[in-house]
Amino acid sequence: MTASLHVLILAAGASSRLGQPKQLVKLGGHPVLHGVVAAATALAGHSVTVVVGAHASEVTRLLAHSPASVIVNRRWEEGMASSIRLGVGSLSAATDAVLILLGDQVAVSADDLKRLAASWKEADGVIAAATYDQRVAVPAIFPRMCFGELAELRGDQGARQILERNSFRVVRVPMPNAAVDLDTPEDLAALTQRFNSTTPGTTDS
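Our subject in this report is the structure included herewith. (Residues numbered from 1 in each chain as written. Predicted model: local features only at pLDDT ≥ 70, side-chain atom pairs only at ≥ 80, totals over all residues. Heavy atoms only, no water.)

**Observations concerning the overall build of the chain**
Quick note on the threshold: Each helix is a run of DSSP H or I of at least 4 residues and each strand a run of E of at least 2, with the numbering of both proceeding from the N terminus. Here the globule rule reads 2.2 Å times residues to the power 0.38, and the radius of gyration is calculated from C-alpha atoms. Residue burial is assigned from relative accessible area. The probe radius is 1.4 Å, only protein chains are included, and a residue is buried under 20% of its type maximum, exposed over 50%, and partly exposed in between. Contacts between residues were defined by any pair of non-hydrogen atoms, one from each residue, lying within 4.5 Å. The accessible surface values rely on the Shrake-Rupley method and a 1.4 Å probe; as for residues, cover is taken only from the protein chains in view.
Across its full length, the chain carries seven helices and nine strands. Relative to its length of 205 residues, the chain is compact, with a C-alpha radius of gyration of 16 Å against a globular reference of 17 Å. Looking at the chain as a whole, 47% of its 205 residues are labelled buried. Restricting the contact set of the chain to residue pairs at least 6 apart, pairs at least 24 apart contribute 69%. Total accessible area on the chain stands at roughly 10,000 Å², and carbon and sulfur atoms take up 50% of it.

Put into structure tokens, the structure is as follows:
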């Protein structure tokens, strides 16, 4: 029997440190969020939901032709936990596990997510989580038995406390790409250089 996995992409933040909506920033000629969604849909097809909040109308338009579903978190200012609660609450009863991915984890590839899913499938009841920078964090796959804990999260801590509380059931998947995120203008400058250097037909200025 094939287990049902749904991907939840958290993209509701205001990008206050960056000074512009990070979801709309282009790297390598494409909006950041398009790349993250593409990696997710390569793994899960249409079983992908993007949670938007700040800049909801612009981000929703950006994803108009995407296979992913979009839901709007009206309480995005409460923090990341509010997006997780909303996303988990939207899952169908047939969903066996949810993969939580951040909308600015721009370097995480479809292959990274497929390795994570393969580790999750190896044993019943495990949480498969990425390891990078000596920590265990998202992207991570939580089985249905964790949905209640996810639904009780508050604030801006995300799922880290659940990973810590259930460390005995966590399968760790090394994923250096997950350490790359987009929070500040300095991050954007470094990522722009990185993506330009790997995009055919581009040259560094």
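**Topic: the sheet that holds strand β4 (residues 48-52)**
So the rule is basically this: For two strands to be treated as a pair, DSSP must find no fewer than two bridges joining them. What counts as an axis is a line fitted to C-alpha atoms, over the stretch in contact for a helix, and the angles between N-to-C directions run from 0 to 180 degrees.
Read from one edge to the other, the open sheet built from seven strands follows the order β5-β4-β1-β6-β8-β7-β9, with strand pairing classed as mixed. Here the strands that pair on one side only, and so sit at the sheet edges, are β5 (69-72) and β9 (170-174). Here the average twist between neighbouring strands, direction ignored, is 30°. Across five bridges, the pairing between strand β7 (residues 127-132) and β9 is parallel. Paired with T131 across the bridge in β9 is P174.

**A short note on the side chain of T41**
Defined as follows: Within 3.5 Å is the distance limit for a polar contact, defined as a pair of N or O atoms, with the added protein rule that one can donate a hydrogen and the other accept it, and that residues adjacent in sequence qualify only through two side-chain atoms.
Looking at where T41 falls in the secondary structure, it is placed in helix α1 (residues 32-44). Reaching out from T41, the side chain makes a polar contact with the backbone oxygen of A38 at a distance of 3.2 Å. Ignoring anything within four residues of it in the chain, the contact list for T41 reads V48 and P67.

**Quick notes on the environment of I127**
With respect to the secondary-structure elements, I127 resides in strand β7. For the pair I127 and L99, spaced 28 residues apart in the sequence, the C-alpha separation amounts to 9.7 Å. Dropping the residues within four chain positions of it, I127 is found in contact with I141, F142, P143, C146, L163, N166, R169, V170 and V171.

**Description of the pattern of salt bridges**
Once the charged atoms of two side chains with opposite charge are near each other, the side chains can pair. Here is the rule we go by: When a carboxyl oxygen of Asp or Glu is within 4 Å of a side-chain nitrogen of Lys or Arg, the pair counts as a salt bridge.
Applying the stated criterion across every chain yields a total of six salt bridges. We note a salt bridge from K22 to D183, for which the minimum N-O separation is 2.9 Å. Note that K22 is positioned in the loop between β1 (5-11) and β2 (26-27) and D183 in the loop between β9 and α7 (185-198), a separation of 161 residues in sequence. The closest approach of N and O atoms between R85 and E78, which form a salt bridge, is 3.2 Å. Under the relative-accessibility criterion, R85 is labelled buried at 18%.

**A look at unusual backbone geometry**
Cis geometry marks the peptide bond from V138 to P139, where omega comes out at 5°. Within the fold, P139 resides in strand β8 (residues 135-143). The phi torsion at S15 lies on the positive side, around 60°, for a residue other than glycine. You can see S15 is positioned in the loop between β1 and β2. Phi at D133 is positive, roughly 50°, even though this residue is not glycine. Judged by its relative accessible area of 58%, D133 falls in the exposed class.

**Regarding helix α4 (residues 110-121)**
As a reminder of what qualifies: For a helix, the expected span equals 1.5 Å multiplied by the residue count minus one.
A rise of 1.5 Å per residue sets the reference length of α4, with its twelve residues, at 16 Å; its end C-alpha atoms lie 16 Å apart and thus fit the reference within 8%. Within the span of α4, buried status applies to A110, D112, L113, L116, A117, S119 and W120. Buried residues along α4 sit against β1, α1, β6 (97-102), β7, β8 and β9.

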